[in-house]
Amino acid sequence: MADVVAKQRKILVAVDESEESMYALSWCLKNVVSENYNDTVVLLYAKPIRSAYATLDGTGYFFSSEVVATMESYNKEMAGSDMAKAKKVCNDFGEVEVEKRVENGDARDVICRAAQELGPVVLVMGSHGYGLIKTYFQLYSF
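It should be emphasised that the depicted structure is a prediction, and the values quoted were computed from it without experimental measurement.

Calculation criteria
- Residues numbered from 1 in each chain as written.
- Predicted model: local features only at pLDDT ≥ 70, side-chain atom pairs only at ≥ 80, totals over all residues.
- Heavy atoms only, no water.
- Helix = DSSP H or I, 4+ residues; strand = E, 2+ residues; numbered from the N terminus.
- Buried < 20%, exposed > 50% of the residue type's maximum accessible area, 1.4 Å probe, protein only.
- Areas by Shrake-Rupley, 256 points an atom, 1.4 Å probe, with all protein chains shown as cover.
- Polar contact = N/O pair within 3.5 Å; in protein donor to acceptor, adjacent residues only side chain to side chain.
- Contact = heavy atoms within 4.5 Å.
- Salt bridge = Lys/Arg side-chain N within 4 Å of Asp/Glu carboxyl O.

## Digging into the overall build of the protein chain
Check the secondary structure of the protein chain and you find 4 helices and 4 strands. Sequence-ordered secondary structure for the protein chain, helices as α and strands as β, is β-α-β-α-β-α-β-α. By the burial criterion, 30% of the 142 residues in the protein chain qualify as buried. Accessible surface computed for the protein chain: about 9900 Å², of which carbon and sulfur atoms make up 54%.

## Here's the deal with the side chain of Arg9
Residue position: Arg9 is located in strand S1 (residues 8-14). The class for Arg9 is buried, based on a relative accessible area of 15%. Within the structure, the side chain of Arg9 is placed 2.7 Å from the side chain of Asp39, a separation counted as a polar contact. Not counting the four nearest positions on each side in its chain, Arg9 is found in contact with Val32, Val33, Ser34, Tyr37, Asn38, Asp39, Thr40 and Val121.

## A few points about the pattern of salt bridges
The final tally for this structure, using the stated rule, is 6 salt bridges. Note that Arg9 and Asp39 form a salt bridge whose closest N and O atoms lie 2.7 Å from each other. Within this pair, whereas Arg9 is found in strand S1, its partner Asp39 is found in strand S2 (residues 38-47), the two being separated by 30 residues in sequence. For Asp39, a relative accessible area of 5% puts it in the buried group. Its salt-bridge partner being Lys88, residue Asp92 comes within 2.9 Å of it at the nearest N-O pair. Residue Asp92 and its partner Lys88 are both found in helix H2 (residues 65-93); the two are separated by 4 residues, about one turn of the helix. Taken individually, Asp92 and Lys88 each receive the classification exposed, so the pair is uniform in this respect. A network of salt bridges, in which partner residues are shared, links Arg101, Glu103 and Glu117.

Right, here's the structure in full:
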């Protein structure tokens, strides 16, 4: 009898520094990842772009280039730390193929762009503790 080749699936998981994000990743590993498939978990972190930092703060003071560089460095460290934490969650689960992606931009745009590009079978995100009604009004503000 011929060996059956397992189907390859990509599972996109948006991660950030929140507990909800790590819970969503754990839930995904327990409930979505399967031994019957050749699953790849794609960890996606959206890093704010530099233009998101205004050089003029709300009080009318200019940020120096050192302050902006410090903010960028902090964001880079946060991305590395959050991805390491997510990778550890995956390693603790067992053998699962993991791909890490850190992209610049607004999280909503980055997640949508990655989902279109990768064509995952499922997109997993944490909820940040928002209820259904609050989430609805935040997404569909009139």
